Amino acid sequence: MSVVIRLSRAGTKKRPVYHVVVADSRFPRDGRFIERLGYFNPLLPKDNETRLKLDMDKVKAWLAKGAQPSDRVMRFLDAAGVKKREARNNPEKAVPRKERKAQAEAAAKG
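Let us look at the structure shown here. (Residues numbered from 1 in each chain as written. Predicted model: local features only at pLDDT ≥ 70, side-chain atom pairs only at ≥ 80, totals over all residues. Heavy atoms only, no water.)

All told, the structure shown has two aromatic pairs when counted by the stated rule. Residues Phe-40 and Phe-76 carry aromatic rings whose centres are separated by 4.8 Å and whose planes lie at 50° to one another, so their mutual orientation is tilted. Taken as a pair, Phe-40 in strand β3 (residues 35-40) and Phe-76 in helix α2 (residues 71-80) lie far apart in primary sequence, 36 residues in all. Residue classification places Phe-40 among the buried residues on the basis of a relative accessible area of 9%. Residue class for Phe-76 comes out buried when judged on its relative accessible area of 11%. Three or more aromatic residues joined by ring pairs form one cluster here, namely Tyr-18, Phe-40 and Phe-76. Positioned over the ring face of Trp-62 is Lys-65, at 4.4 Å from the centre of the ring. (Phe/Tyr/Trp six-rings, centres within 6.5 Å; stacked < 30°, edge-to-face > 60°. Helix = DSSP H or I, 4+ residues; strand = E, 2+ residues; numbered from the N terminus. Buried < 20%, exposed > 50% of the residue type's maximum accessible area, 1.4 Å probe, protein only. Lys NZ or Arg CZ within 6 Å of the ring centre and 35° of its normal.)

Here you go:
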């Protein structure tokens, strides 16, 4: 059983609030979960301290048990200094699509 720390959507239509939960990776996003660790309200300004609330003791305990954080939760943990997030590198993303296509065709020919 792989356990993940991820966001579960709550709130109303066009007014999202997310719960930070620990869940089995096979469970639906908004479905069953093991434990709630906090919440995230993206509608609040970034400098507002109530935008994100996490119980760091529980988070550290679940990380020690082997739970894998999702990409967004990993950003939160990196900002809090709990776990270091690896920088992503996709040099192909900066190249316009036409040029990527031409490069792929040239590589296939040669």
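The subject of this paragraph is the pattern of salt bridges. Enumeration according to the criterion identifies five salt bridges in this entry. Here Glu-35 and Lys-58 are joined by a salt bridge, their closest N and O atoms 3.4 Å apart. Of this pair, Glu-35 sits in strand β3 while Lys-58 sits in helix α1 (residues 56-64), placing them 23 residues apart in sequence. Here Asp-55 and Lys-58 are joined by a salt bridge, their closest N and O atoms 4.0 Å apart. (Salt bridge = Lys/Arg side-chain N within 4 Å of Asp/Glu carboxyl O.)

This brings us to the side chain of Arg-6. Position of Arg-6 relative to the elements: it lies in strand β1 (residues 3-12). No salt bridge is formed by the buried Arg-6. Its closest oppositely charged neighbour is Asp-24, at 7.2 Å. At a separation of 3.2 Å, a polar atom in the side chain of Arg-6 contacts the main-chain carbonyl oxygen of Pro-28. Residues contacting Arg-6, with those up to four places away along its chain left out, are His-19, Val-20, Val-21, Ala-23, Asp-24, Ser-25, Phe-27, Pro-28, Arg-29, Ser-70 and Val-73. (Lys, Arg positive; Asp, Glu negative; His and termini not counted. Polar contact = N/O pair within 3.5 Å; in protein donor to acceptor, adjacent residues only side chain to side chain. Contact = heavy atoms within 4.5 Å.)

Interpretation in functional terms is not warranted from these geometric data alone.
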